[in-house]
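Descriptive structure summary
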Amino acid sequence: MADPFVYCNSLTSYSRIRTRVVQISDIPLGGDNPIRIQSMTSTNTLDTYSTVDQVIRMVNAGCEYARITTQNLVEAENLKHIREELQKRGYRIPLIADVHFNPKIAEIAAGLVEKVRVNPGNYADKKTGKAEFSESEYQEGLERIRERLIPLIRICKSHGTALRIGSNHGSLSERIMSRYGDTPYGMTESVLEFVRICRDEGFHSLVLSLKSSNTRVMVQSNRLLVHRMMEEGMDYPVHLGVTEAGEGEDGRIKSAVGIGALLEDGIGDTIRVSLTEDPECEIPIAKILSDRYTRRQPHLPIPDTATSPHNPFEYHKRETIAAKNIGSTHAPIVITNEDTENLELIPAAEFDPIKSTGLIYPFVITRIQDIDLDLLQKLEQKPGSVMVFETTNTHGMAEQRRMFFELLKHSCKVPVIIKRTYRGLDKDRLIVYSSTDLGALLVDGFGDGIWIDADPEVETPFLSSLSLGILQASRTMFSKAEFIACPSCGRTQFNIQETLKLIRERTGHLKKLTIAVMGCIVNGPGEMADADYGYVGSGHGKVTLYKGREALQKNIDEKDAVEALVEIIKLNGDWSDQHEGSQ
């Protein structure tokens, strides 16, 4: 049985898990402070004026921390000029240096900006090709981390600089992979190794993050991180983000599924929505996510539970018995209000298994107060019944999850449609709220279908597309190609936004495939771990194409790369001409 703290934290009264306050310039993070919003520049870090202009656009959109790619010593030193130019223009936003591979870069940056991000997967350990490590080799790796990290810690302490320790799915060190695999457990331990060294040095200005483009992995990893911190007496703030979420509606849905699910659990002190768009476009979506939780209290009480019947750190699909095409091994269904004329909708209080015949099968409308042994026995008497979970609670996701707990405790295998009703929301809020509320349940394996009930003027095709997008983002059902695309940064040497559009136009109809479009080798080969095919920037105007993690064509010209990718997909038997270009 999993420790229930994650699931039970917000059942009776919503609250964020309390973390320590980390001071980042004059904008503190954690504790009772608001959920902070941040983004990352996509300019060349050596182009001071372009970077400053972009940071200012981010600030004017509501960004509170600005992260800047810092690839080498020259870029690290130029952070000083970026800061000076921002201050000259009247902007004092805290800057974060994003560092990979070279500890010396991080040490220089730590004396110039308010926060430095390092990735445990590539900060100390180097790639060797080893698959197995003896215990002594494993411990030698830990000692090497200590030797390389302590100088950075001491610089951070002397300059009042915060440190973000951020592990990404797909970029774990070989040493960690040998013991834990590319799993939430490996991601968590990778971060905690660094944290323990910081604690030994008396340094606590830490922010932790575990990111993935896979929403299930991202949610499970962060829950596990908080769980492990509690076990070890830690309380560091957590940074949330779904990496390489993509662009447009899909990127917004995917970000909301992952980030929103954790905010619902009370996890998260700062967020970054990673869209393959200009960084200022990320801020409004991040603000919709964060603002929702400043108004969460008060809400209707939800019955508490002493134990969780579901493991929050691993995915398990709730077992159900099929009602025609709903439940069991069937893909989740999507219901819109137009579909209800063919359904028999019965309030739980009126459900009679003897009298109910149904036009197709009875849909029993159920709220939390309806779920008792009497109702469950009636459902058993009427095979083919389907439950429709409804809620009007402000903290509705937690209430509906509590309803699923009751079914699990009583071994009830009736299929469930998750229904949520939204009124008076603009398009972005409808996308974010529904993706959070429904996606948070789906990533845990709850739900055999979804039903979004929106204002009458919201068109059915949009709701159907939104619903299918939520199912795809939660990895429950794939109805189109899945795109893993980074948001671009100073490391990217091609127009990733335009490239993604071209690749989507050519391959969007291949619904069984996942295609990664990555800007550089830092986030490319590792973080596209779940992709079937990859398009990765390898230099100025050059691209390397992958099948899985194998590079098939290296350093080809950008102008030829999209068609070369299509040809690789065709040669490997994964192409279909049906609906080509319809996406």
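Here the structure is a predicted model, which means the values were calculated and not measured. (Residues numbered from 1 in each chain as written. Predicted model: local features only at pLDDT ≥ 70, side-chain atom pairs only at ≥ 80, totals over all residues. Heavy atoms only, no water.)

What follows concerns the sheet that holds strand β20 (residues 542-547). Reading across the sheet, the 5 strands line up as β17-β18-β19-β20-β21 and stay open at both edges, with mixed pairing between neighbours. Edge positions in the sheet fall to β17 (482-485) and β21 (550-557), since each has one partner strand and no second. Neighbour-to-neighbour, the strand axes of the sheet open up by a mean angle of 20°, direction not taken into account. Pairing of strand β19 (residues 533-539) with β20, which is carried by 6 bridges, proceeds in the antiparallel orientation. Bridging across to β20, G534 finds its partner in Y546. Contacting β18 (514-518), β19, β20 and β21, helix α17 (residues 558-571) runs over the sheet at an angle of about 150° to β21. (Pairing = 2+ DSSP bridges. Helix = DSSP H or I, 4+ residues; strand = E, 2+ residues; numbered from the N terminus. Axes fitted to C-alpha atoms, helices over the stretch in contact; angles between N-to-C directions. Contact = heavy atoms within 4.5 Å.)

Confidence in the prediction for the protein chain averages 89 pLDDT; 93% of positions are at 70 or higher. Every residue in residues 579-583 is under pLDDT 50, and counting partners more than four places away or in other chains gives 11 contacts. (pLDDT = per-residue confidence, 0-100.)

Take the packing of helix α2 (residues 48-61) against helix α3 (residues 73-88) next. Two numbers describe a pair of packed helices, the interaxial angle and the distance between the axes. Two elements in contact, α2 and α3, have axes separated by 9 Å at closest approach and are oriented at 50°. If you check the angle between α2 and α3, you find them oblique. As α2 runs across α3, the sense of the crossing is right-handed. Across the interface between the two elements, T48, Y49, T51, V52, V55 and I56 of α2 pack against N78, H81, I82, E85 and L86 of α3. (Parallel < 35°, antiparallel > 145°, perpendicular 65-115°, else oblique. Left-handed = near helix turned anticlockwise from the far one by under 90°.)

A word on the pattern of salt bridges. A full pass over the atoms with the stated rule returns 43 salt bridges. Among the ionic pairs, D235 bridges to R20, the shortest N-O distance being 2.9 Å. Of the two residues, D235 sits in the loop between α9 (215-231) and β9 (238-240) while R20 sits in the loop between α1 (5-8) and β1 (22-24), which places them 215 residues apart along the sequence. The exposure class of D235 is partly exposed, given its relative accessible area of 27%. Ionic pairing is found between R292 and D437, a salt bridge with its closest N-O pair at 2.9 Å. Of this pair, R292 sits in the loop between α11 (282-291) and β11 (333-335) while D437 is found in helix α14 (residues 427-442), placing the two residues 145 residues apart along the sequence. Summarising the burial analysis for this pair, R292 and D437 share the class buried. (Salt bridge = Lys/Arg side-chain N within 4 Å of Asp/Glu carboxyl O. Buried < 20%, exposed > 50% of the residue type's maximum accessible area, 1.4 Å probe, protein only.)

With that settled, the discussion passes to α2. For the α-helix, the turn length of 3.6 residues means that residues three or four positions removed from each other point alike. Between the first and last C-alpha of α2 there are 20 Å, a value that for 14 residues agrees with the 20 Å anticipated at 1.5 Å per step. Close packing links the buried residues of α2 with β3 (36-40), β4 (65-69), α3 and α11. Where α2 terminates, the next one or two residues include G62, which has phi positive at roughly 120°. (Expected span 1.5 Å × (residues − 1).)

This brings us to the side chain of T507. With respect to the helices and strands, T507 occurs in helix α16 (residues 496-507). Given a relative accessible area of 1%, T507 falls into the buried group. When sequence neighbours within four positions are dropped, the list of residues in contact with T507 reads A481, F483, I515, V566, I569 and W575.

Quick look at the packing of aromatic side chains now. Per the stated rule, a full pass over the model turns up 5 aromatic pairs. Where Y123 meets F194, the ring centres are 6.1 Å apart and the plane angle is 75°; that geometry is what we call edge-to-face. Placement of Y123 in helix α5 (residues 120-123) and of F194 in helix α8 (residues 184-200) is noted, with a sequence separation of 71 residues between them. Across this residue pair, the class does not change: Y123 and F194 are buried. Feature note: the residues F389, F404, F405 and F446 constitute an aromatic cluster, connected by ring pairs. In this arrangement the basic side chain of K130 is found over the ring face of F133, its NZ or CZ atom lying 5.2 Å from the centre. One residue, R179, lies across the ring of Y138, its end atom 3.7 Å from the ring centre. (Phe/Tyr/Trp six-rings, centres within 6.5 Å; stacked < 30°, edge-to-face > 60°. Lys NZ or Arg CZ within 6 Å of the ring centre and 35° of its normal.)

A few words now on the pairing of strand β13 (residues 362-366). Of all 5 residues that make up β13, 5 are buried, and the element is covered over most of its length. What you see with β13 is no split at all: P362, V364 and T366 on one side and F363 and I365 on the other are buried throughout. Two strands pair when backbone bridges link them, and strand β12 (residues 344-347) and β13 are joined in this way by 4 bridges, in the parallel orientation. Note on β13: the bridge partner recorded for E344 is P362. Where β13 and strand β14 (residues 386-389) come together, 4 bridges link them in parallel fashion. If you follow T366 over to β14, its bridge partner there is F389. Once the chain exits β13 it traverses helix α12 (residues 373-381) before rejoining the sheet at β14, and the crossover so formed is right-handed. (Right-handed = clockwise from strand over helix to strand, strands pointing away.)

Looking at where T436 falls in the secondary structure, it is placed in helix α14. At a separation of 3.3 Å, a polar atom in the side chain of T436 contacts the main-chain carbonyl oxygen of A256. Once residues within four sequence positions are removed from consideration, T436 is found in contact with A256, G260, A261, E264, L289, R292 and Y293. (Polar contact = N/O pair within 3.5 Å; in protein donor to acceptor, adjacent residues only side chain to side chain.)

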